[in-house]
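# Remarks on the overall topology
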Amino acid sequence: EPEVTQTPSHQVTQMGQEVILRCVPISNHLYFYWYRQILGQKVEFLVSFYNNEISEKSEIFDDQFSVERPDGSNFTLKIRSTKLEDSAMYFCASSEAHNEKLFFGSGTQLSVL
Amino acid sequence: GENVEQHPSTLSVQEGDSAVIKCTYSDSASNYFPWYKQELGKRPQLIIDIRSNVGEKKDQRIAVTLNKTAKHFSLHITETQPEDSAVYFCAATDDNYGQNFVFGPGTRLSVLP
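The structure reproduced in this document is the subject of the present report. (Residues numbered from 1 in each chain as written. Chains lettered and ligands numbered in written order. Predicted model: local features only at pLDDT ≥ 70, side-chain atom pairs only at ≥ 80, totals over all residues. Heavy atoms only, no water.)

## Section: the overall build of chain A
Definition in use: Working definition: helices are DSSP H or I runs of at least four residues, strands are E runs of at least two. Numbering for both runs from the N terminus. Each radius of gyration reported is based on C-alpha atoms, and the globular scaling rule is 2.2 Å times the count of residues to the power 0.38. For every residue, the accessible area (1.4 Å probe, protein chains only) is compared with the maximum for its type, and the residue is labelled buried under 20%, exposed over 50%, or partly exposed between those bounds. We call two residues contacting when some pair of their heavy atoms lies within 4.5 Å. Using a 1.4 Å probe, the Shrake-Rupley method yields the accessible areas, and only the shown protein chains count as cover for residues. His is not counted, nor are the chain ends; Lys and Arg add positive charge and Asp and Glu add negative charge. A single reference atom marks each charge: NZ on Lys, CZ on Arg, CG on Asp, CD on Glu.
Each helix and strand counted, chain A has zero helices and 11 strands in total. Helices and strands in chain A line up, N terminus first, as β-β-β-β-β-β-β-β-β-β-β. Its C-alpha atoms give chain A a radius of gyration of 13 Å, within 12% of the compact-globule value 13 Å for 113 residues. Summarising its shape, the C-alpha atoms of chain A cover approximately 35 × 25 × 25 Å along the three principal directions. Per-residue burial over chain A gives 44% buried out of 113 residues. For chain A, long-range pairs separated by at least 24 residues make up 53% of all intrachain contacts whose partners lie at least 6 apart in sequence. Accessible area for chain A stands at about 5600 Å²; split by element, carbon and sulfur atoms hold 46% of it. Taken as two groups, the 9 positive and 15 negative side-chain charges of chain A have centres that lie 3 Å from each other.

## What about unusual backbone geometry?
Across the junction of A:Thr7 and A:Pro8, the peptide omega takes the value -10°, indicating a cis bond. The amide bond that connects B:His7 to the next residue, B:Pro8, takes the cis arrangement and shows omega of -5°. Take B:Pro8: it is sitting in the loop between β1 (4-7) and β2 (10-14). Phi is positive for A:Asn51, close to 55°, though the residue is something other than glycine. In this structure, A:Asn51 sits in the loop between β5 (44-50) and β6 (53-57). For A:Asn51, a relative accessible area of 57% corresponds to the exposed category. The backbone phi angle of B:Glu79 is positive, close to 45°, even though this residue is not glycine.

## A word on the state of the cysteines
Threshold: By convention in this document, the label disulfide applies to cysteine sulfur atom pairs within 2.5 Å.
Taken as a whole and assessed by the stated rule, the structure comprises two disulfides over all chains. Here A:Cys23 pairs with A:Cys92 through a disulfide, and the sulfurs are 1.9 Å apart. Negative torsions about the S-S bond denote left-handed disulfides, and the value of about -65° found for A:Cys23 with A:Cys92 makes this one left-handed. Of this pair, A:Cys23 sits in strand β3 (residues 19-24) while A:Cys92 sits in strand β9 (residues 88-95), and the two are 69 residues apart along the sequence. Neither residue differs from the other here; A:Cys23 and A:Cys92 are each classed as buried. Residue B:Cys23 pairs covalently with B:Cys90 via a disulfide, S to S 1.9 Å.

Here it is as structure tokens:
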């Protein structure tokens, strides 16, 4: 069964550093998302992406965050200057069509020191 | 925007008993309601979903019911097994272009042998 893949599985960085989290959505999917989950808390929406542009973003997704689809397979989340409170599990997700099942990647655990 | 509440936050049942988790949503335009199971340290996985044109859906030991008038939906697990122990998240979304899935805060289900 096709899966959303994410790299790296763990990322440790110093406060103020830039990080890029990478995702390969399922190949025939058209909608891409980033969510985050702070330990023990709920899954929070960051951003959705369709047709090479952001379609919706939450208040968490401020100017420090950006997303990109640099080629036909990768979907990246960049955090420009990390803060301690950015420490969380970041999940990439994709869906085949609008309002269809959402498939999650295995996540990147980001630790900001 | 949409707000999803979920109860209870923790639930312990004896193996073989039934478990029920309830969610309410605020946006009457929401029309797709998935349920995700997340085992410790793993990605959320879709276990069942329901659309607003259906009142109930069943898949083996799992069922979901939807009451659009009251804006609530519930997950029912019968004949619970220890492997059902996990955190369960409900979610809601509508036909907005951005397709922002809003998740509930989660229910930690423990099935005691």
